[in-house]
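Chain residues, written in single-letter form:
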Amino acid sequence: MLVQGVAWDSSSPSLRIFTLDEEFVDMALARGSALGLRVLPGLWCLGHTKVHGPGDRTHVPCRSGSPAERGKQCGACFARDDSRLMHDFHRGTSVPTGLRAYLMQPHWLYVATFANGATKVGTASAPRKWNRLAEQGAVHASYVAHAEDGRVVRVLEDLVTRELGLVQQVRSAAKVAGLVEPRAAVELSTVYRQHAGRVRELLGGLAMTGYAVVEEEWERPALADALCTARAQGGLRHPYPATFDGGGHGLRIHSVSGAIALAALPDATGTEVEGSFVADVGALKGRKIEFGPHTTEIPALQDSLF
């Protein structure tokens, strides 16, 4: 079974799997759920996407089952992927008809702050307005502009990066490190509101049409609260002590933010090791796995975790 990644839908996350029967199956990552699996060697192509219109796209699996070469794709699937073209559309890049129709629908510009205080600017299409930020794993976020199409919103995104220095990507490793030691809630709220205010002020003074400045808060999913809060309930929190590139893994999910989980680690008897662990479940993307009663190997010198 090939892991496609962590997807958010209807306020809950799941591990999306492409099965041996060539079907997509979502394994819920609910509070209290157990996740036991073994990771097989290798990193594999996830296929490519064909975009047919604003709410219509097809995921095409890699029929050759090739190893990944460029990110999570083989060379052939990368060349066929429509979505790789969308970020250059506003610079005049030619795109297929279906992708053009998708990009010409209304889009939103957002500002998002993460647990380490890093803040980014990003875009979301109208149908994926909520899901996009849930998948990002933001602690605080709001929409700062509503644009008439994807070209305008990406022009605004680049302008905010150029004028205010807000990045357009926060790496997974930084998100994990931030969630191991989240900054204080008051501090994060202040950082986020300062950045969002500066962006709205900038956008409000532009001599440009095709968008409106907005103030609309994004509501963080309840399942993310425990992970995004700085140890509100006490207890030790540590980085996950293994990597998802091989071996057996066993987690009991407590909280999920984006593709990152706060989990307990049961041993072979089902007894949980002391403390909670922050694990980037998204690192399973592109890995082949087998589900089963597996456990995570804890370092022999457990004190090294603390």
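Starting from 1, residues in each chain are numbered consecutively following that chain's sequence as written. Only residues with pLDDT of 70 or above have their local features reported here, since the model is predicted, and side-chain atom pairs are shown and tallied only from 80 upward, although totals for entire chains, interfaces and linings are computed over all residues. The side-chain numbers reported here are obtained from all heavy atoms of the structure, hydrogens and water having been left aside.

A closer look at the overall build of the chain
Okay, so step 1: Secondary structure elements are defined from DSSP: runs of H or I of at least 4 residues count as helices, runs of E of at least 2 residues count as strands, and each element is numbered from the N terminus. Of the regular secondary structure elements, the chain holds 7 helices and 15 strands.
Okay, so step 2: Here the radius of gyration uses the C-alpha set of atoms, whereas the globule reference equals 2.2 Å times the residue count to the power 0.38. Scaling as 2.2 N^0.38, a compact globule of 306 residues should have a C-alpha radius of gyration of about 19 Å, and the chain matches this with 20 Å.
Okay, so step 3: A principal-axis box enclosing the C-alpha atoms of the chain has dimensions of 65 × 50 × 30 Å.
Okay, so step 4: Between buried and exposed lies partly exposed: a residue is buried under 20% and exposed over 50% of the maximum accessible area for its type, with that area taken using a 1.4 Å probe on protein chains only. Within the chain, buried positions represent 47% of all 306 residues.
Okay, so step 5: Should any heavy atoms of two residues lie within 4.5 Å, those residues are considered in contact. Considering only intrachain contacts with a sequence separation of at least 6, the fraction spanning at least 24 residues in the chain is 67%.
Okay, so step 6: Each accessible area is a Shrake-Rupley result for a 1.4 Å probe, and residues are judged covered by the shown protein chains and nothing else. For the chain, the computed accessible surface area is about 14400 Å², with 50% contributed by carbon and sulfur atoms.
Okay, so step 7: A gap of 5 Å separates the mean positions of the 32 positive and 32 negative side-chain charges of the chain. None of His or the chain ends enter the tally, which takes Lys and Arg as positive and Asp and Glu as negative. Lys charges are placed at NZ, Arg charges at CZ, Asp charges at CG and Glu charges at CD.

Re the side chain of Thr113
Okay, so step 1: With respect to the element layout, Thr113 can be found in strand β7 (residues 107-113).
Okay, so step 2: By relative accessible area, which is 0% here, Thr113 ends up buried.
Okay, so step 3: Here a polar contact is recorded for every N or O atom pair within 3.5 Å, except that within protein the pair must consist of a potential hydrogen donor and a potential acceptor, and residues adjacent in sequence are included only if both atoms are side-chain atoms. At a separation of 2.9 Å, a polar atom in the side chain of Thr113 contacts the side chain of Thr119.

Looking at the nonpolar core
Okay, so step 1: Leu15, Leu251, Leu284 and Ile289 are the most contacted members of the largest nonpolar core, which totals 36 residues.
Okay, so step 2: Apart from the residues lying within four places of it in its own chain, the contact partners of Leu251 are Ser33, Ala34, Leu35, Tyr240, Phe244, Ala263, Ala264, Leu265, Pro266 and Ala279.
Okay, so step 3: In this description, a nonpolar core means a group of buried Ala, Val, Leu, Ile, Met, Phe, Trp, Tyr and Cys residues linked to one another through side-chain atoms lying within 4.5 Å. Leu109, Val144, Leu156 and Leu166 belong to the second largest nonpolar core, which has 18 residues in total.

Let's talk about the sheet that holds strand β9 (residues 140-147)
Okay, so step 1: Pairing in this open sheet of 4 strands is antiparallel, and the strands run β8-β7-β9-β10 from one edge to the other. The open sheet has two edge strands, β8 (119-125) and β10 (211-217), and neither has a second partner. Looking at each pair of strands side by side, their axes are set apart by 25 degrees on average, direction ignored.
Okay, so step 2: Orientation is described by lines fitted to C-alpha atoms, with helices fitted over the stretch in contact, and by angles between N-to-C directions that extend from 0 to 180 degrees. Along the sheet face, helix α4 (residues 150-164) touches β7, β8, β9 and β10 and points at about 30 degrees away from the line of β7.
Okay, so step 3: Across the sheet, helix α6 (residues 185-204) touches β7, β8, β9 and β10, and the angle it forms with β9 is around 10 degrees. Here the rule is simple: two strands pair whenever DSSP picks up at least two bridges between them.

Some details on helix α3 (residues 129-136)
Okay, so step 1: Restricting attention to buried positions, one finds in α3 the residues Lys129, Asn131, Leu133, Ala134 and Gln136.
Okay, so step 2: Among the structural elements, β1 (2-9), β7, β8, β9, α5 (172-180) and β10 are those in contact with the buried residues of α3.
Okay, so step 3: Two residues or fewer after α3 comes Gly137, characterised by a positive phi angle close to 80 degrees.

A short note on the pairing of strand β6 (residues 56-60)
Okay, so step 1: Bridge count between strand β5 (residues 48-53) and β6: 5 bridges; the pairing is antiparallel. Following the sheet pairing, Gly53 is matched in β6 by Asp56.
Okay, so step 2: Connecting β5 to the antiparallel partner β6 that follows it, the hairpin turn spans 2 residues.

With respect to the packing of α4 against α6
Okay, so step 1: For the pair α4 and α6, interaxial distance at closest approach is 11 Å and the crossing angle is 115 degrees. As judged from the angle between their axes, α4 and α6 are roughly perpendicular. Remark: the crossing between α4 and α6 carries right-handed chirality. For the pair formed by α4 and α6, the contact residues are Leu156, Leu159, Val160, Glu163 and Leu164 on the first element and Arg198, Val199, Leu202 and Leu203 on the second.
Okay, so step 2: When residues are grouped by polarity, Ala, Val, Leu, Ile, Met, Phe, Trp, Tyr, Cys and Pro land in nonpolar, Asp, Glu, Lys and Arg in charged, and all others, Gly among them, in polar. Broken down by class, the residue content of the contact of α4 with α6 amounts to 7 nonpolar, no polar and 2 charged. With respect to orientation, any angle under 35 degrees is reported as roughly parallel, any angle over 145 as roughly antiparallel, any angle of 65 to 115 as roughly perpendicular, and every other angle as oblique. Left-handed is the label given to a crossing in which the near helix is rotated counterclockwise from the far helix by less than a right angle, and right-handed is the label when the rotation is clockwise.

What to know about the layout of surface pockets
Okay, so step 1: The computed volume of the second largest pocket comes to approximately 280 Å³.
Okay, so step 2: The method works on a 1 Å grid over the protein atoms by themselves. A cavity is a set of points holding a 1.4 Å probe that cannot get out, a pocket is an open set with protein on both sides within 12 Å along at least five of seven lines, and residues with an atom within 4 Å of a point line them. Taken together, 17 residues form the lining of the second largest pocket, with Leu2, Phe18, Cys62, Gly65 and Lys288 sitting closest to its centre.
Okay, so step 3: Its residues assigned to classes, the lining of the second largest pocket comprises 9 nonpolar, 5 polar and 3 charged. Grid points are joined across faces, edges and corners, and a volume is the space filled by probe spheres set on the points.

What to know about the pattern of salt bridges
Okay, so step 1: In what follows, salt bridge is the name for a side-chain nitrogen of Lys or Arg lying within 4 Å of a carboxyl oxygen of Asp or Glu. Within the structure shown, the criterion is met by 10 salt bridges.
Okay, so step 2: Where Arg128 meets Glu135, a salt bridge forms, and the shortest distance between an N and an O atom there is 2.4 Å.
Okay, so step 3: Residue Glu135 is classed as partly exposed on the basis of its relative accessible area of 25%.
Okay, so step 4: The residue Arg193 makes a salt bridge to Glu217 at a minimum N-O spacing of 3.4 Å. Within this pair, whereas Arg193 is found in helix α6, its partner Glu217 is found in strand β10, the two being separated by 24 residues in sequence.
Okay, so step 5: Under the relative-accessibility criterion, Arg193 is labelled partly exposed at 48%.

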